[in-house]
Amino acid sequence: ANAQISGTFSADLKPTVGSNSKGTGKATLEIQDNGQKVKYDVSASGLSNVSGVVISQWTGGRGPDVVSLAEASTSGLKSGTGSGTGTFTKSDLIGPLQGKDLSDFVKAINDGKIVFRIMTTTYPLGEVVGNVTAGGGAGGNMTAGGNMTAGGNATAG
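Residues numbered from 1 in each chain as written. Predicted model: local features only at pLDDT ≥ 70, side-chain atom pairs only at ≥ 80, totals over all residues. Heavy atoms only, no water.

Quick look at the nonpolar core
The following threshold applies: Joining through side-chain atoms within 4.5 Å is the link that ties buried Ala, Val, Leu, Ile, Met, Phe, Trp, Tyr and Cys residues into a set, and such a set is a nonpolar core. Only protein chains enter the accessibility calculation, which uses a 1.4 Å probe; a residue is then buried when its area is under 20% of its type maximum, exposed when over 50%, and partly exposed in between. Numbering of helices and strands runs from the N terminus, with a helix taken as a DSSP run of H or I at least four residues long and a strand as a DSSP run of E at least two residues long. By definition in these notes, contact holds between two residues if any of their heavy atoms fall within 4.5 Å.
Residues Leu29, Ile55, Phe88, Phe105, Phe116 and Ile118 are the most contacted members of the largest nonpolar core, which totals 32 residues. Mapped by element, the contributors of at least two residues to this core are β1 (8-15), β2 (24-32), β3 (37-45), β4 (50-57), β5 (65-71), α1 (102-110) and β7 (114-120). In terms of residue count, the dominant contributor to this core is α1 (5 residues). Apart from the residues within four sequence positions on either side, Ile55 is in contact with Leu29, Asp65, Val66, Val67, Leu69, Phe88, Phe105, Ile114, Val115 and Phe116.

Here we look at α1
Residues that lie three or four places apart on an α-helix share one face, since the helix turns once every 3.6 residues. Cut-off, in case you're wondering: Starting at the helix axis, one direction is taken to each C-beta atom, and the arc is that of these directions.
For α1, the set of buried residues is Leu102, Phe105, Val106, Ala108 and Ile109. On an axial view of α1, the arc spanned by its buried residues comes to 155 degrees, and they lie on one face. Just past α1, the residue Gly112 takes up positive phi, approximately 80 degrees.

Brief notes about the environment of Thr16
When you line up the elements, Thr16 lands in the loop between β1 and β2. Exposure remark for Thr16: the relative accessible area of 5% places this residue in the buried category. Sequence separation between Thr16 and Gly126 is 110 residues; the distance between their C-alpha atoms is 6.8 Å.

Some details on the packing of aromatic side chains
In plain terms, the rule: Here the aromatic set is Phe, Tyr and Trp, taking the six-membered ring for Trp, and pairing holds for ring centres within 6.5 Å; pairs whose planes are under 30 degrees apart are stacked, those over 60 apart are edge-to-face, and all others are tilted.
Counting across every chain of the model gives 2 aromatic pairs. Here Phe88 and Phe105 contribute two aromatic rings whose centre-to-centre distance is 5.6 Å and whose plane-to-plane angle is 85 degrees, an arrangement assigned as edge-to-face. Here Phe88, found in strand β6 (residues 84-89), pairs with Phe105, found in helix α1; they are 17 residues apart in sequence, far enough to count as distant. Side by side, Phe88 and Phe105 carry an identical accessibility label, which is buried. Following the ring pairs from residue to residue traces out a cluster consisting of Tyr40, Phe88 and Phe105.

What to know about the side chain of Arg117
Rules: For this count, His and the chain ends are skipped, Lys and Arg are scored as positive, and Asp and Glu as negative. Just to be clear on terms, a salt bridge is a Lys or Arg side-chain nitrogen sitting within 4 Å of an Asp or Glu carboxyl oxygen. A 3.5 Å cut-off defines polar contacts: any pair of N or O atoms within that distance qualifies, except that in protein one atom must be a possible hydrogen donor and the other a possible acceptor, and neighbouring residues in sequence count only when both atoms are side-chain atoms.
Take Arg117: it is sitting in strand β7. Of the side chains with opposite charge, Asp65 lies nearest to the buried Arg117, which makes no salt bridge, at 4.2 Å. Reaching out from Arg117, the side chain makes a polar contact with the backbone oxygen of Leu125 at a distance of 3.2 Å.

As structure tokens, then:
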């Protein structure tokens, strides 16, 4: 049950379908401490009034959140940018992954179901969104913008 998990994952964040946002961003997730925690790093630009940064699980329709990285009221993120870094553990998993292990989170990534989303007051379901995929980091170029069509359904609130 304690399978060792490791790896780096990333998402290119693009404007939600139907928005006229100029926002862009990049998120990376790195498994640390033999799968005990995940370090996240997100940098975004062109956003204002960021209200939250979440990771959601794609289940059709608007995916339920599985990790809430920051909310406006408590956020350590730079004001209005959606950029920041930190870590989370399995105790931070919510929604369909609550009580599950980080290996379940990684499996959902590998199944193509995990979406990184930066929400703003203008676009509360996510102004920039992107599918999290394996790889990334310094060398990886995640140019699969085609996956972003999934983000279109995020507007179905």
